[in-house]
Amino acid sequence: MIIKAKKSLGQNFLIDQNIINIIVESTEIKDKEILEIGPGTGNLTNFILKKKPKKVFCIEKDNQLIDILKNKFKDRIILINDDILKVSENQISENKLTVFGNLPYNISTQILLKWILNLNSNLWFENLVLMFQKEVADRIISNYNTSNYGRLSVISNWKLNIKKIIDVSPNSFKPKPKIESSVLIFTPKKEYPNLNSSKSLEKVTRIFFNQKRKKIRKSFNQLFKDSNFTAKKLGIDLNLRPQNLNFNDYFNIAKELENS
Ligand code: SAH
């Protein structure tokens with residue numbers, strides 16, 4: 001059967017077996033509970049199953065693909081015909097999940113932010129292996145004082161350790177996307193600085209990075225009554241620019257905002 005890829009659902013199916021192999025080798029699968037989001041025609045699913053997981057849950061939005069997956073894998077996978085953005089991920093299983101996802105690029109970022117910002121001590125995943133547009137992946141893993149460093153870097157690195165697994169060329173997909181991709185793996189940190197609410201860090205990074213080229217004095221003035229006093233207390237130089245502050249600086253500012 002010929003499957004016509006739907007552009008609206010960002011369907012670019014991974015066909016490069018070397019890449020698929022590297023993805024499934026990036027983390028332990030044997031005896032684990034796996035969640036695959038956007039399984040498509042099941043290329044990655046197939047490789048996951050060969051590694052003898054305990055269970056595989058698949059969330060796929062496309063009804064037509066659901067039928068194909070049902071036929072192909074029968075009861076070897078648990079299919080959920082839904083939109084990942086609407087699913088309560090902590091209700092999928094009682095056990096921690098290992099997540100694989102080759103989703104449309106806009107959704108990958110959205111879902112990552114949602115998961116990080118809602119993450120509490122009740123962790124529902126062991127790790128996340130996700131495909132991104134390369135440019136976005138580079139932003140996520142970049143460090144301060146580099147040009148890619150931004151909001152996404154600060155927020156992602158708050159609770160998660162992140163590593164790039166591999167860059168993926170457009171030739172590895174069918175149909176070919178226009179852009180390069182990268183696969184990242186995210187593992188929860190054992191310890192991270194605690195905030196009362198992730199909203200404060202969201203707010204601070206939004207205000208600072210919306211004025212990326214300006215000195216941070218401007219953002220400080222927006223957030224605090226006495227910028228000089230607060231900056232001094234936090235050991236931060238107000239003549240710097242947003243890209244010069246490291247993760248700790250941003251947490252300290254968020255914390256200060258919560259206490260002010
Ligand atoms: N993982 C497969 C398919 C990648 S294409 C492979 O590597 O070959 C992206 C997949 O995500 C498609 O199957 C598409 O139907 C599905 N998808 C798109 N938006 C989705 C959403 N909001 N929720 C769940 N699945 C979605």
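My aim in this report is to walk through the structure given alongside it, one point at a time. (Residues numbered from 1 in each chain as written. Predicted model: local features only at pLDDT ≥ 70, side-chain atom pairs only at ≥ 80, totals over all residues. Heavy atoms only, no water.)

### A few points about the environment of Q211
Take Q211: it is sitting in the loop between α7 (198-209) and α8 (216-223). The spacing of Q211 and N259 is 48 residues in sequence and 24 Å in space, taken between C-alpha atoms. If sequence neighbours within four positions are ignored, Q211 has contacts with K218, S219, Q222 and P242. One polar contact links Q211 to S219, side chain to side chain, over a distance of 3.4 Å. (Helix = DSSP H or I, 4+ residues; strand = E, 2+ residues; numbered from the N terminus. Contact = heavy atoms within 4.5 Å. Polar contact = N/O pair within 3.5 Å; in protein donor to acceptor, adjacent residues only side chain to side chain.)

### A word on the packing of aromatic side chains
Under the definition given, this model contains 12 aromatic pairs. For the pair Y149 and F209, a centre-to-centre distance of 6.0 Å together with 80° between the ring planes defines the contact as edge-to-face. In this pair, Y149 is assigned in the loop between α5 (134-141) and α6 (151-159) and F209 in helix α7, connecting sequence segments 60 residues apart. On the accessibility criterion, F209 (10% relative accessible area) is buried. Relative to F247, the ring of Y149 has its centre 5.8 Å away and its plane inclined at 55°; by these criteria the two rings are tilted. (Phe/Tyr/Trp six-rings, centres within 6.5 Å; stacked < 30°, edge-to-face > 60°. Buried < 20%, exposed > 50% of the residue type's maximum accessible area, 1.4 Å probe, protein only.)

### Topic: the sheet that holds strand β7 (residues 160-168)
By definition, the strands of a sheet pair up through backbone hydrogen bonds, in either a parallel or an antiparallel sense. Taken in spatial order, the seven strands line up as β4-β3-β2-β5-β6-β9-β7 in an open sheet, and their pairing is mixed. Single-partner strands in this sheet number two, and they are β4 (78-80) and β7. Pairs of neighbouring strands in the sheet enclose a mean axial angle of 20°, with direction left out of account. Two strands pair when backbone bridges link them, and strand β5 (residues 97-101) and strand β6 (residues 125-133) are joined in this way by five bridges, in the parallel orientation. Each bridged residue has a counterpart across the sheet, and for T98 the counterpart in β6 is N127. Across the face of the sheet, α5 comes into contact with β6, β7 and β9 (181-188) while running at roughly 130° to β6. (Pairing = 2+ DSSP bridges. Axes fitted to C-alpha atoms, helices over the stretch in contact; angles between N-to-C directions.)

### Description of the site of the ligand
Neighbouring the ligand are 23 residues; Q11, G38, E60, D83 and N102 lie closest to it. Between Q11 and the ligand, the recorded distance is 2.9 Å, taken from a side-chain N or O atom to an oxygen atom. With respect to the ligand, the backbone of G40 contributes an N or O atom lying 3.3 Å from an oxygen atom. Considered on its own, the ligand offers 570 Å² of accessible surface; in the complex 99% of this is hidden by protein. Its residues assigned to classes, the shell around the ligand comprises 10 nonpolar, seven polar and six charged. (Near = heavy atom within 4 Å. Areas by Shrake-Rupley, 256 points an atom, 1.4 Å probe, with all protein chains shown as cover. Nonpolar A, V, L, I, M, F, W, Y, C, P; charged D, E, K, R; others polar.)

### A look at the pattern of salt bridges
Per the stated rule, a full pass over the model turns up 11 salt bridges. One salt bridge in this structure joins K6 and D62, with 2.8 Å as the shortest N-O distance. Within this pair, whereas K6 is found in the segment before β1 (13-14), its partner D62 is found in the loop between β3 (55-59) and α3 (63-73), the two being separated by 56 residues in sequence. One salt bridge connects K32 with E126, and the closest N-O pair in it is separated by 2.7 Å. Pair noted here: K32 is in the loop between α1 (17-25) and β2 (33-37) and E126 is in strand β6, with a separation of 94 residues, a long-range link. E126 sits in the partly exposed class, given a relative accessible area of 29%. (Salt bridge = Lys/Arg side-chain N within 4 Å of Asp/Glu carboxyl O.)

### What about the pairing of β2?
The buried fraction of β2 is high, at five of five residues. Covered by surrounding structure in β2 are E33, L35 and I37 together with I34 and E36, the residues of both alternating faces. In terms of strand pairing, β2 meets β3 through five bridges, oriented parallel. Counterpart to I34 in the pairing with β3 is V56. Taken together, β2, helix α2 (residues 43-50) and β3 constitute a β-α-β crossover, and its handedness is right-handed. Summarising the sheet, β2 and β5 pair through five bridges and their orientation is parallel. Counted as the bridge partner of E36 is F100 from β5. (Right-handed = clockwise from strand over helix to strand, strands pointing away.)

### Topic: the environment of E258
Considering the arrangement of structural elements, one finds E258 in helix α10 (residues 247-259). Leaving out residues up to four positions away in the same chain, E258 has contacts with L195, N196, S197 and S200. At 2.7 Å, the side chain of E258 and the side chain of S200 are in polar contact.

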